[in-house]
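Letter by letter, the chains look like this.
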Amino acid sequence: MRKPVWRIDATGANADEGDVVWAPFKSFWNTSMYLSAIFLAPFYFTWSAFVLFLGLSYVTLLLGHSIGMHRRLIHKSYECSKPLERFLVWLGVLVGMAGPFGILRIHDIRDWAQREPTCHDFFAHRRGLWADAFWQLHCTFRFKQPPRFTVENEFASDPWYRFMEMTWPLHQLVLAIIFYFIGGISWVIWGIAVRVAVGVTSHWVVTYFAHNPGPGRWLVKDAAVQASNLEKWSFLTHGECWHNNHHAFPESARMGIESGQFDSGWEVLKVMEKLGLVTNLGVPRESHRRDDLEQTCAAQ
């Protein structure tokens, strides 16, 4: 059986009861990026700014969010040196969603709620597309009986992670100053506002569809939410699209575990392993430790 969400103490907690409430800073942050992207980007388009947007988006989402934040910081599915870990997580911070502890909290509380027998629609993504978009991009959830979330000392006492948690929005400002002196205002708008708006939105889109009914071989017993594999999304999602696999085997650094399931995050990790940069890449646990899972006949 897989380990429980180890940062969550659910004693007396209820994943079903509570209220969705407006989160002012989160709403202002995302709205400012959207408005800048919509109303300024068309007037400041240059091909160099567009290439910057594409390249930095893919690098920060692949190396930063998927490999650094998700597979290392959250799930510890491989090992690496502390300087490399900090660098990868910093790239994840540049995506513009939250600081490292904020990402841990968002992920782990949602993961815990989804694995409960019932959970609120905020975590199950059961509402319509636009309603869920407003909730996830502008709101937070206030539990009536909240779980206790604790970041392990390895990260909580790390000065670099503490610094990033306190200053994560300002990292965009530093980047914007650098971009301005290299490529002017067009680089600032496309390299910051458009990139953050697209990155945050794409993360929500994948989260929404991956937690609604769809293809997948595995069922997590007694879980309120069953994840889906999003076929043909692998390149754009860095392998995160194989979310049914991931819910079944969160300990695995490889998400595309079946034949034909391309996982660019895993491919990068394999290269890093050959270079001696990472070790102990996690794989799906042995069959005798899968008593929390059931298999379906659904095609991949």
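Every value quoted in this text rests on a predicted model; they were computed, and no experiment measured them. (Residues numbered from 1 in each chain as written. Predicted model: local features only at pLDDT ≥ 70, side-chain atom pairs only at ≥ 80, totals over all residues. Heavy atoms only, no water.)

Q: Sorry, what's going on with the overall build of the protein here?
A: Along its length, the protein carries 13 helices and 8 strands. Taking 19 Å as the expected radius of gyration for a compact globule of 300 residues, we find that the protein reaches 19 Å, a close match to that expectation. In terms of principal-axis extent, the alpha carbons of the protein reach across some 55 × 50 × 40 Å. Looking at the protein as a whole, 53% of its 300 residues qualify as buried. (Helix = DSSP H or I, 4+ residues; strand = E, 2+ residues; numbered from the N terminus. Rg over C-alpha atoms; globule rule 2.2 N^0.38 Å. Buried < 20%, exposed > 50% of the residue type's maximum accessible area, 1.4 Å probe, protein only.)

Q: What is the right way to read helix α1 (residues 24–39) from this model?
A: A turn of α-helix holds 3.6 residues, and therefore any two residues three or four places apart point the same way. With 16 residues, α1 should reach 22 Å at 1.5 Å per residue; the first-to-last C-alpha distance of 22 Å fits that figure. The inward-facing, buried residues of α1 contact β2 (18–22), α6 (129–138), α9 (170–183) and α10 (185–210). (Expected span 1.5 Å × (residues − 1). Contact = heavy atoms within 4.5 Å.)

Q: What's the story with the nonpolar core in this structure? I'm lost.
A: A general feature of soluble globular proteins is that nonpolar side chains tend to end up buried together. Counting 61 residues, the largest nonpolar core has L104, W112, F123 and F179 as the members making the most contacts within it. For this core, the element with the most residues is α10, which contributes 12 residues. In this view, F123 contacts A15, I109, R110, A113, Q114, F141 and F143; residues no more than four positions away in its chain are not counted. One finds Y78, C80, M272 and V278 within the second-largest nonpolar core, a separate group that totals 12 residues. (Core = buried A, V, L, I, M, F, W, Y, C linked by side-chain atoms within 4.5 Å.)

Q: Just to check I follow, could you spell out a nonpolar patch on the surface for this structure?
A: A contiguous nonpolar patch, built from L35, I38, F39, L40, F43, Y44, L170, L173, I177, Y180, F181 and I185 and spanning about 1,300 Å² of accessible area, is present on the exposed surface. When residues of the nonpolar patch are traced back to their parent elements, those giving at least two are α1 and α9. Here the element with the most residues in the nonpolar patch is α9; it accounts for 5 residues. Mapped onto the secondary structure, L35 falls in helix α1. (Patch = residues over 30% accessible without salt bridge, like charges linked within 9 Å, V, L, I, M, F, W, Y side chains within 5 Å. Areas by Shrake-Rupley, 256 points an atom, 1.4 Å probe, with all protein chains shown as cover. Salt bridge = Lys/Arg side-chain N within 4 Å of Asp/Glu carboxyl O.)

Q: Hey, could you run me through the pairing of strand β4 (residues 139–143) in this one?
A: For a regular strand, side-chain orientation follows a simple rule: the groups alternate between the two sheet faces. Residues of β4 alternate between two faces, with C139, F141 and F143 buried on one and T140 and R142 left unburied on the opposite face. As paired elements, β2 and β4 share 5 bridges and run antiparallel to each other. Note on β4: the bridge partner recorded for V20 is F141. (Pairing = 2+ DSSP bridges.)

Q: It is not clear to me how the packing of α1 against α6 should be interpreted in this structure. Could you clarify?
A: Think of two packed helices as two axes; the pair is described by the angle between the axes and how far apart they sit. Viewed as axis vectors pointing N to C, α1 and α6 meet at an angle of 110°, and their least axial separation amounts to 8 Å. Taken as axis vectors, α1 and α6 run roughly perpendicular relative to one another. Where α1 approaches α6, its residues K26, S27, N30, T31 and Y34 are matched on the opposing element by W135, Q136, L137 and H138. Among the residues making up the contact of α1 with α6, the classes are represented as 3 nonpolar, 5 polar and 1 charged. (Axes fitted to C-alpha atoms, helices over the stretch in contact; angles between N-to-C directions. Parallel < 35°, antiparallel > 145°, perpendicular 65-115°, else oblique. Nonpolar A, V, L, I, M, F, W, Y, C, P; charged D, E, K, R; others polar.)

Q: Any chance you could explain the packing of aromatic side chains here in plain terms?
A: Two aromatic rings, taken as a pair, are described by how far apart their centres are and by the angle between their planes. In this structure the tally under the stated criterion is 27 aromatic pairs. Seen in terms of ring centroids, F122 and W135 are 6.1 Å apart; in terms of plane orientation they differ by 40°. Their pairing is tilted. Of this pair, F122 sits in helix α5 (residues 121–124) while W135 sits in helix α6; the two residues are 13 residues apart in sequence, bridging distant segments of the chain. Of the residues examined, W135 reaches a relative accessible area of 13% and is grouped as buried. An aromatic cluster is defined as three or more aromatic residues linked by ring pairs; in this entry it consists of W112, F122, F123, W135, F141 and F143. (Phe/Tyr/Trp six-rings, centres within 6.5 Å; stacked < 30°, edge-to-face > 60°.)

Q: Help me out: how do you make sense of unusual backbone geometry in this one?
A: If a residue is not glycine, its phi is most likely negative; likewise, a peptide bond is most likely trans. A positive phi angle is found at H125, which is not glycine, with a value near 55°. Here H125 lies in the loop between α5 and α6. Judged by its relative accessible area of 1%, H125 falls in the buried class. One non-glycine residue, H238, adopts positive backbone phi at about 65°. Examined against the element boundaries, H238 turns out to sit in the loop between α11 (234–237) and α12 (243–248). Overall, the relative accessible area of 4% leaves H238 in the buried class.

Q: Could you clarify how one ought to interpret the environment of W135 in this entry?
A: Sequence separation between W135 and P250 is 115 residues, and the spatial gap between their C-alpha atoms is 25 Å. Sequence-distant contacts of W135, defined by excluding residues within four places in its chain, comprise V20, K26, H120, D121, F122 and R127.

Q: Honestly, helix α4 (residues 100–115) in this entry has me stumped. Any pointers?
A: Here α4 is 16 residues long and its end C-alpha atoms lie 23 Å apart, about the 22 Å a rise of 1.5 Å per residue gives. The buried count for α4 comes to 14 of 16 residues, which makes it a mostly enclosed element.

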